[in-house]
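Now for the letters of each chain:
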Amino acid sequence: MTRIFRSLVNFNYRVWVTGAFVSNIGTWVQRAAQDWLVLTELTQHSATSLGIVMALQFGPHILLLPLTGFAADHLDRRKLLMFTQASMGALALVLGLLTVLGQVQLRHVYVFAFLLGCVTAFDSPARQTFVAELVGEADLSNAVALNSTSFNTARMVGPAIAGVLIASVGTGWAFVINAGSFVAVLCSLGLLRVQELHRFERAIRTRGSFAEGFKYVWHRPDLMAILVMAFLIGTFGMNFSIYISTMAVKVFHADASGYGLLVSIMAVGTVSGALLAARRAAPRIELLFVGAAAFGVGCTLAALMPSYWSFAASLVVIGVSALTFSNSTSSLVQLLTEPRMRGRVTAIRLSIALGGTPIGAPLVGWVADRFGPRWALGVGAAAGFAAAAVLVRYLTKHRKLRIDWEGARLRVHMD
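Predicted, not measured: the structure shown is a model, and the values here were computed from it.

Visitor: What is the right way to look at the environment of Pro358 in this model?
Guide: You can see Pro358 is positioned in helix 16 (residues 357-370). Spatially, the C-alpha atom of Pro358 lies 21 Å from that of Gly296, the residues being 62 residues apart in sequence. Those residues within four positions of Pro358 in sequence are excluded, and the remaining contacts are Ala55, Phe58 and Gly59.

Visitor: Help me understand the environment of Ile177 in this model?
Guide: Mapped onto the fold, Ile177 is located in helix 8 (residues 172-191). Placed 154 residues apart in sequence, Ile177 and Ser23 show a C-alpha to C-alpha distance of 9.9 Å.

Visitor: Teacher, can you tell me more about a nonpolar patch on the surface here?
Guide: A contiguous nonpolar patch, built from Leu93, Leu97, Val100, Leu101, Val169 and Trp173 and spanning about 550 Å² of accessible area, is present on the exposed surface. Ranked by residue count, the leading element in the nonpolar patch is helix 5 (residues 77-100), at three residues. With respect to the secondary-structure elements, Leu101 resides in the loop between helix 5 and helix 6 (106-135).

Visitor: When you look at the packing of helix 5 against helix 6 in this model, what are you seeing that I'm missing?
Guide: To characterise two packed helices, one gives the angle between the axes of the helices and the distance between these axes. Across the interface, helix 5 lies against helix 6 with an axial gap of 9 Å and an inter-helix angle of 155°. The angle between helix 5 and helix 6 places the two elements in the roughly antiparallel class. Note on packing geometry: the crossing formed by helix 5 with helix 6 is left-handed. Across the contact of helix 5 with helix 6, the residue classes tally to 14 nonpolar, six polar and five charged.

Visitor: What exactly am I supposed to notice about the layout of surface pockets here?
Guide: Take a probe with the size of a water molecule and roll it over the atoms, and the empty space left behind shows itself. Estimated volume of the largest pocket: approximately 180 Å³. Lining the largest pocket we find Pro221, Met224, Ala225, Val228, Val390, Arg393, Tyr394, Lys397 and His398. Put simply, the parts of the chain that give the lining of the largest pocket at least two residues each are helix 10 (221-236) and helix 17 (373-398). With five residues, helix 17 is the largest single contributor of residues to the lining of the largest pocket. Classifying every residue of the lining of the largest pocket gives six nonpolar, one polar and two charged.

Visitor: How should I be thinking about the pattern of salt bridges in this particular structure?
Guide: Side-chain pairs of opposite charge can arise whenever the charged atoms involved come near each other. With the rule as written, the count across this model stands at five salt bridges. Of the charged contacts, one joins Arg127 and Asp123 as a salt bridge, the two residues approaching to 2.8 Å between their closest N and O atoms. With a gap of four residues between them, Arg127 and Asp123 both fall in helix 6, about one helical turn apart. For Asp123, a relative accessible area of 0% gives the class buried. For Asp222, the salt bridge goes to Arg220, with nearest N and O atoms at 3.0 Å. Taking the relative accessible area as the measure of exposure, Asp222 reaches 13% and is therefore buried.

Analysis parameters
Residues numbered from 1 in each chain as written. Predicted model: local features only at pLDDT ≥ 70, side-chain atom pairs only at ≥ 80, totals over all residues. Heavy atoms only, no water. Helix = DSSP H or I, 4+ residues; strand = E, 2+ residues; numbered from the N terminus. Contact = heavy atoms within 4.5 Å. Patch = residues over 30% accessible without salt bridge, like charges linked within 9 Å, V, L, I, M, F, W, Y side chains within 5 Å. Areas by Shrake-Rupley, 256 points an atom, 1.4 Å probe, with all protein chains shown as cover. Salt bridge = Lys/Arg side-chain N within 4 Å of Asp/Glu carboxyl O. Axes fitted to C-alpha atoms, helices over the stretch in contact; angles between N-to-C directions. Parallel < 35°, antiparallel > 145°, perpendicular 65-115°, else oblique. Left-handed = near helix turned anticlockwise from the far one by under 90°. Nonpolar A, V, L, I, M, F, W, Y, C, P; charged D, E, K, R; others polar. 1 Å grid on protein atoms, 1.4 Å probe; cavity = no way out; pocket = protein on both sides within 12 Å on 5 of 7 lines; lining within 4 Å. Points joined across faces, edges and corners; volume = space filled by probe spheres on them. Buried < 20%, exposed > 50% of the residue type's maximum accessible area, 1.4 Å probe, protein only.

Fair warning: the whole summary comes from geometry, so function is off the table for now.
This is the structure:
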């Protein structure tokens, strides 16, 4: 147990993760409420519209990539995070007031999704690389895993709260509550002991520093394989808002509480995966294969499940596998990258994993509308199996992967 929570010995990390947990709950309250608002209040169960919202929210990760990676590597990350978190809170408040006053329309949600995406594009690489400043290199993998535990524990709580709020006081108040939750993370950033942060060598400001990040990745087959896998699963696989909401509404005819419960049940799996990751001394590239292949299996099972509760059980499998994959990806990319390049490479990873949503989310939404939610889950399953094949190819070519029998046991060998 001590090994799992070893990063919490660090004062700065304890303060940060406490504030982030409160904010994460608010974030998941808003995500669930936004999906429900679009799917049931502003449209007639249009998964395509929901896909457009997701595309607008994650598209800026690609559009702003030259700036976001530069900002994460060259600016003071703590001050940058204070600005981005405050901006995200302000956007949630305005959208909440529009909804409470009954003035919200679908185009407003589109606009606020895009603005939130622009802010998040700067926030995400800075936030992920800031963890190294909080705990140092030795506990980086553990801190990343505990961050995932916090985020996904909030994922368990937030949608359930959203379901109750929507049913009792309306969707708009979920956005207002999320706005208030950003006060916690802003306070935690202000309470950090700045002198105890682990400062790393900052990148030198030169012309072509953005292109340098792409050149660095291009000459690293290990990073290239990880990024291709992240693109496949991030673009075509991790469209959970579409999968769960359309299955809940169109297949099982659930209400807001039933939808929120499904999201929370999936979070049980992601929390379990995060705790397993926290126990590991260091991430291994082989775990990417396990996560990707299990993700494909989980989506296949979910597509075939006949009842609400059997579908809910399959979401636990998807949650464990998705977290295993995403946490291993995040940790490996940071640990395999030298500190001065970390912000740019992390921004590239996020732009590939999240920025592919403008391609994948509308496509998956269209499949759900045209052929049904179960076929949309089939797209996610195919993405998981394809990502697993990419890693097998890399390990075979660059690590001389070979499988043979030793006696009665199957053995896997590689350099």
